[in-house]
Amino acid sequence: MASCLFVVIVVLLISSAHAQPTCATQKFTNKEQYDRCVDLPQLGCYLHWSLDTARNTVAIVFIAPPATPDGWVSWAINPTGEGMVGSQSLIAYTAANGSMVVNTYNVSSYGGVVKGKLDFDVMDMKAEHSDGVMRIFATVELPENGRTKVNQVWQVGGAVTEEGVPVRHAFGQGNLGSKGILDLLSGEISGGGSGNSKTKKRNIHGILNAMSWGVLFPVGIMIARYLRTFPAADPAWFYLHGSLQVSAYGIGVAGWVTGLKLGSESKGVEYTAHRNIGITLFCLATLQVLALFLRPKKGHKIRFYWNIYHHGTGFAVAILGILNVFKGLEILSPSSKWRLSYIIIISSLGIIAIILEAFTWIVVLKRKSNKATKPNGNGDTRRQSSAP
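About the criteria used
Residues numbered from 1 in each chain as written. Predicted model: local features only at pLDDT ≥ 70, side-chain atom pairs only at ≥ 80, totals over all residues. Heavy atoms only, no water. Helix = DSSP H or I, 4+ residues; strand = E, 2+ residues; numbered from the N terminus. Buried < 20%, exposed > 50% of the residue type's maximum accessible area, 1.4 Å probe, protein only. Contact = heavy atoms within 4.5 Å. Areas by Shrake-Rupley, 256 points an atom, 1.4 Å probe, with all protein chains shown as cover. Phe/Tyr/Trp six-rings, centres within 6.5 Å; stacked < 30°, edge-to-face > 60°. Core = buried A, V, L, I, M, F, W, Y, C linked by side-chain atoms within 4.5 Å. Expected span 1.5 Å × (residues − 1). Arc of directions from axis to C-beta. 1 Å grid on protein atoms, 1.4 Å probe; cavity = no way out; pocket = protein on both sides within 12 Å on 5 of 7 lines; lining within 4 Å. Points joined across faces, edges and corners; volume = space filled by probe spheres on them. Nonpolar A, V, L, I, M, F, W, Y, C, P; charged D, E, K, R; others polar. pLDDT = per-residue confidence, 0-100. Pairing = 2+ DSSP bridges. Axes fitted to C-alpha atoms, helices over the stretch in contact; angles between N-to-C directions. Parallel < 35°, antiparallel > 145°, perpendicular 65-115°, else oblique. Left-handed = near helix turned anticlockwise from the far one by under 90°. Patch = residues over 30% accessible without salt bridge, like charges linked within 9 Å, V, L, I, M, F, W, Y side chains within 5 Å. Salt bridge = Lys/Arg side-chain N within 4 Å of Asp/Glu carboxyl O.

### Remarks on the overall build of the chain
So, point 1. A count of helices and strands for the chain gives 7 helices and 12 strands.
So, point 2. Residue burial in the chain is summarised as follows: out of 388 residues, 41% are buried.
So, point 3. Of all intrachain contacts in the chain linking residues separated by at least 6 positions in sequence, the fraction that spans at least 24 positions is 60%.
So, point 4. Counting only carbon and sulfur atoms, one obtains 61% of the accessible surface of the chain, whose full area is about 20800 Å².

Structure follows, in structure tokens:
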């Protein structure tokens, strides 16, 4: 069962990288034709442009889906670096009266943006919002005469204050990787700085933890819960259960360490609930794995209390693990297919568990009934209490 689920997840991982519509098919209300376009590698955004080397300007159309209907979208050039700080931005959003607004902002720090004139001229600015995307139209003077490679940064956010100040965007994998060097002549995008590295680490962190806490641990519990009902499965169920839980623990620890590394590299970015649940999971899972090696023999006077501890800790790990997978999905903000895929997997496990639970009780109650009516050597009937 575990191997099948692993294959399903790998297939979903591959299929989730679905192709976006090509920018070449996009049309505009002004019916302008642009010389080049590119599907930007993060956040489902696109850029169209026409370069005028004689005037040292570039006419652009930036297309992006806002994080929420009341959100904002931004395209920027950073004359001094490759990241957000120092970028000269065009930011569009929907005003309170329902009209689209586009303004220029200087991003001087991670703490906020300042509306104002940019270091280079921007002309013919306007914005549109339709079909679930916002579009920024503008003609931008290039920061350096004759230089056709620019450090571009693009972004989407979820809200704007009443004063027209964009609220800080999310820090998902797409948000952190939405930057790079754009060659206006060739259309090639390169770079991306640490955002690309962090994106890979976040993907690894998410996959490892979803596999361990979110899938393998629950499957291991199901094996122990239902296979041991059948005498023929003893002691195979125990070794299968133990090896699966130890494997899940190893994968989970690898994901946990990756998360700690990500946290140390992301100063000022904290996901308190997700982190605290992760630490709790690591502690409980460590106790759970140790329980396999400290298990008292059957009939020992403390075996009853060990069972309570082992079962309680196991169910706590499963519940917290599933909860933290969903919290992780909220942080990463991947394609909706990821969340849907995990919901399908965990729901399937739940349905299987319900069916097996009912079947197990039928078997146990039938076995109990047979033993209760079977005469012993003295002509009495045996009475034995049993529950799965």
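Picking up where we left off.
### As for the packing of aromatic side chains
So, point 1. Taken as a whole and assessed by the stated rule, the structure comprises 8 aromatic pairs.
So, point 2. With 5.5 Å between their ring centres and 70 degrees between their planes, Phe238 and Tyr239 make a pair best called edge-to-face.

### Things to note about the side chain of Thr57
So, point 1. Note that Thr57 resides in strand S3 (residues 57-64).
So, point 2. When its relative accessible area of 12% is taken as the criterion, Thr57 is described as buried.
So, point 3. Not counting chain neighbours up to four residues away, the residues in contact with Thr57 comprise Ser50, Leu51, Asp52, Met123, Thr139, Val140, Glu141 and Leu142.

### Some points on the nonpolar core
So, point 1. Membership of the largest hydrophobic core comes to 29 residues, with the highest contact counts inside it found for Leu47, Ile60, Phe62, Trp75 and Val140.
So, point 2. Of all the secondary-structure elements, those providing two or more residues to this core are strand S2 (46-52), S3, strand S4 (72-77), strand S5 (88-94), strand S9 (133-141) and strand S10 (149-157).
So, point 3. Excluding anything up to four places from it in sequence, Val140 contacts Asn56, Thr57, Val58, Ile60, Trp75, Ile77, Leu90, Phe120, Asp121 and Val122.
So, point 4. Core analysis: the next-biggest nonpolar cluster, separate from the first, contains 25 residues, Trp213, Phe217, Val317 and Ile345 among them.

### Re helix H5 (residues 272-293)
So, point 1. If you check H5, its first and last C-alpha atoms are 33 Å apart, about what 22 residues at 1.5 Å a residue would give, namely 32 Å.
So, point 2. For H5, the complete set of buried residues consists of His274, Ile277, Gly278, Leu281, Ala285, Gln288, Val289, Ala291 and Leu292. An end-on view of H5 places all buried positions within 140 degrees of arc, on one side of the element.

### Some remarks on empty space enclosed by the protein
So, point 1. Within the structure shown, the criterion is met by 1 cavity of 30 Å³ or more.
So, point 2. In this structure, the largest cavity occupies an estimated 90 Å³ of space.
So, point 3. What lines the largest cavity is Ile77, Asn78, Pro79, Leu142, Pro143, Glu144, Arg147, Lys149, Val150 and Asn151.
So, point 4. Sort the elements by how many residues they give to the lining of the largest cavity and S10 lands first, with 3 residues.
So, point 5. Partitioning the lining of the largest cavity into residue classes produces 5 nonpolar, 2 polar and 3 charged.

### Considering the confidence of the model for the chain
So, point 1. Considering every residue of the chain, the mean pLDDT works out to 80; 84% of them sit at 70 or more.
So, point 2. With pLDDT under 50 throughout, residues 10-21 is counted as low confidence; its partners more than four residues away or in other chains account for 12 contacts.

### Side note on the sheet that holds strand S1 (residues 36-39)
So, point 1. Ordered by their spatial adjacency, 5 strands build an open sheet running S1-S2-S3-S9-S8, and the pairing between neighbours is antiparallel. Of all strands in the sheet, those bounded by a partner on one side alone are S1 and strand S8 (122-130). For this sheet the average axis-to-axis angle between neighbouring strands, irrespective of direction, equals 15 degrees.

### Examining the pairing of S3
So, point 1. In terms of burial, S3 is a largely internal element, 7 of the 8 residues being buried.
So, point 2. Hairpin connection from S2 to S3: 4 residues lie between these consecutive antiparallel strands, with Asn56 at a positive phi of about 60 degrees.
So, point 3. Looking at chain direction, S3 and S9 are connected through 8 bridges and run antiparallel. Paired with Phe62 across the bridge in S9 is Ile136.

### Quick notes on the packing of H5 against helix H6 (residues 303-332)
So, point 1. Running from amino to carboxyl end, H5 crosses H6 at an angle of 150 degrees, the nearest separation of the two axes being 9 Å. On the basis of the axis angle, H5 is roughly antiparallel to H6. Crossing hand, H5 versus H6: left-handed.
So, point 2. For the contact of H5 with H6, the residue count by class is 15 nonpolar, 10 polar and 1 charged.

### A short note on a nonpolar patch on the surface
So, point 1. The grouping of Val246, Leu287, Leu290, Phe293, Leu294 and Tyr309 at the surface amounts to a nonpolar patch, some 580 Å² of accessible area in total.
So, point 2. The greatest single-element share of the nonpolar patch, amounting to 3 residues, is contributed by H5.
So, point 3. Structurally, Leu294 is set in the loop between H5 and H6.

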